[in-house]
Amino acid sequence: MRVLITGAGGRFAQWMVRELRGRCDLRLFARRPVPADRADLPSVVGDLTSFEDCRRAVKGVDAIMHLGAQPWPTDHPKEIAAMQARGLPVPAFDATIRSNILGTYYLMMAAVEAGVRIVVMAGSNCAFGHGYRISSRPFPFRYLPLDEEHPSDVEDSYSYSKLAGEELLASFSRAYGIRTYVTRPSGICPPERLRRMAETASPVQSWSEWLWGYIASEDLATLQRLILEKAEDLPVHDVFVANAADTTLLEPSLEVIERFRPDLLPLAKGLDGHRAFFSTAKAQAALGWVPARTWREFLER
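Now for a description of the structure that goes with this document. These numbers come from a predicted model, not from an experiment.

### Considering the pattern of salt bridges
According to the stated counting rule, one finds 22 salt bridges in the structure shown. In this structure, arginine 21 and aspartate 40 form a salt bridge, with 2.8 Å as the shortest nitrogen-oxygen distance. Here arginine 21, found in the loop between α1 (11-20) and β2 (25-30), pairs with aspartate 40, found in the loop between β2 and β3 (43-45); they are 19 residues apart in sequence, far enough to count as distant. The exposure class of aspartate 40 is exposed, given its relative accessible area of 54%. With a shortest N-O distance of 2.7 Å, glutamate 113 and arginine 55 are connected by a salt bridge.

The structure is reproduced here in C-alpha cells:
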C-alpha cells in the first residue's frame, strides 16, 4: 500500500514512520525538509493550505495518514498572552482554522481527485471540549470516563477544528465512499517525556480541565496502523478515543474526584485504581488495540 504521511516533519511523525516502515511504501508531506531520521523517504515540501501542494502530495497514493495540524488555538486569549509573556512570535489569529479545517478540506478534495481509498487522521481529545475553556462555564460532564458518544461542548478554535474535522471526513465518506477514520489522542508522549513525567511526579494540588490524559507515541502509532490495516472491516467512517490505560496522577482516580469534584462521583463508573478518565473500550473491541505503555514503568525504576 502506498501511504502519504502529512505533517511528516513533526515529532509524532517519527513514530508513525517507524510503525509503517517495511509495511507500506511511504511518501512524506511537510512544510520544510524532513529530519534526517526519515530523509531517505520520498517527500513533498508544501503546505496543507495550498490545494496545489496537496494535489502534488497525494498523486498516486492509496491511503493518507493525516498528522499535519496547527496544535493549539492561535486565537485563544490565554495562549496569546502566554506567548507574548515569553517573547515568542504570535501566529496569525486564523492559523488554526486555516490549517486544521481549510487544509483538511483541500487534502480531502485532492484525495477524491487522486482516488485515495483510506484516510486516517490524528485528531484530538480536545474535540470533547473539556480543554482550552474560554468562558467560566465548566465542561458539562454527562459521565466518566469520556467515550466517543459523550456530547461535545467546544469553545475554542482548536477544539472546534478537531470536532469539525471529524464531521468533514464523515461527509467525504458519505459523498464519495472514502473510508475515513479519526483518533482522539490525549497528550502524545515519546519515551523521554514519559521518563520526565516519572521524574517530576508530585501530589495533585487542584482539579485539571485536561483530566490527566496522555498516550505513548508508540501506542498511538500502533492504533493508527491497525485502523489502516483493518479499514475494510470497519464502518466507512469512525472515531476512536486514544489514551493510555491510566492517568498521569500518583493518586487513584476516584480519590482525586472525591477531593476536588465530589459532584462528579455519581457520574464516575469503573474508575478503579489509576484508570484513565477517557475510555478506549471501543478501539479495544473493534481493533484489538490495548495501550501497552505507561509512565509508571519509569517511576518503578
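### Overview of the nonpolar core
Core analysis: the biggest nonpolar cluster contains 36 residues, and Ile5, Leu20, Met65 and Leu228 have the highest contact counts within it. Secondary-structure elements contributing two or more residues to this core are β1 (2-6), α1, β2, β4 (63-66), β5 (118-122), α7 (217-229), β9 (237-242) and α9 (281-287). If sequence neighbours within four positions are ignored, methionine 65 has contacts with Val3, Leu4, Ile5, Thr6, Met16, Leu20, Val120, Gln224 and Leu228. Grouped together as the second largest cluster of nonpolar side chains are 22 residues, Val44, Met108, Val119 and Val239 included.

### Thoughts on helix α8 (residues 253-260)
Buried within α8 we find Ser253, Val256 and Ile257. The buried residues of α8 occupy an angular sector of 100 degrees when the element is viewed end-on, so they sit on one face.

### Quick word on empty space enclosed by the protein
As enumerated under the stated definition, the model contains one cavity of 30 Å³ or more in all. Taken as a whole, the largest cavity holds about 40 Å³ of empty space. Along the walls of the largest cavity sit His66, Gly68, Ala69, Asn100, Thr104, Met121, Ser161, Lys162 and Gly165, which together make up its complete lining. Only α4 (95-114) and α5 (157-176) provide two or more residues apiece to the lining of the largest cavity. Broken down by element, the lining of the largest cavity gets its largest block of residues, three residues, from α5. Split into classes, the residues belonging to the lining of the largest cavity amount to two nonpolar, six polar and one charged.

Criteria and thresholds
Residues numbered from 1 in each chain as written. Predicted model: local features only at pLDDT ≥ 70, side-chain atom pairs only at ≥ 80, totals over all residues. Heavy atoms only, no water. Salt bridge = Lys/Arg side-chain N within 4 Å of Asp/Glu carboxyl O. Helix = DSSP H or I, 4+ residues; strand = E, 2+ residues; numbered from the N terminus. Buried < 20%, exposed > 50% of the residue type's maximum accessible area, 1.4 Å probe, protein only. Core = buried A, V, L, I, M, F, W, Y, C linked by side-chain atoms within 4.5 Å. Contact = heavy atoms within 4.5 Å. Arc of directions from axis to C-beta. 1 Å grid on protein atoms, 1.4 Å probe; cavity = no way out; pocket = protein on both sides within 12 Å on 5 of 7 lines; lining within 4 Å. Points joined across faces, edges and corners; volume = space filled by probe spheres on them. Nonpolar A, V, L, I, M, F, W, Y, C, P; charged D, E, K, R; others polar.

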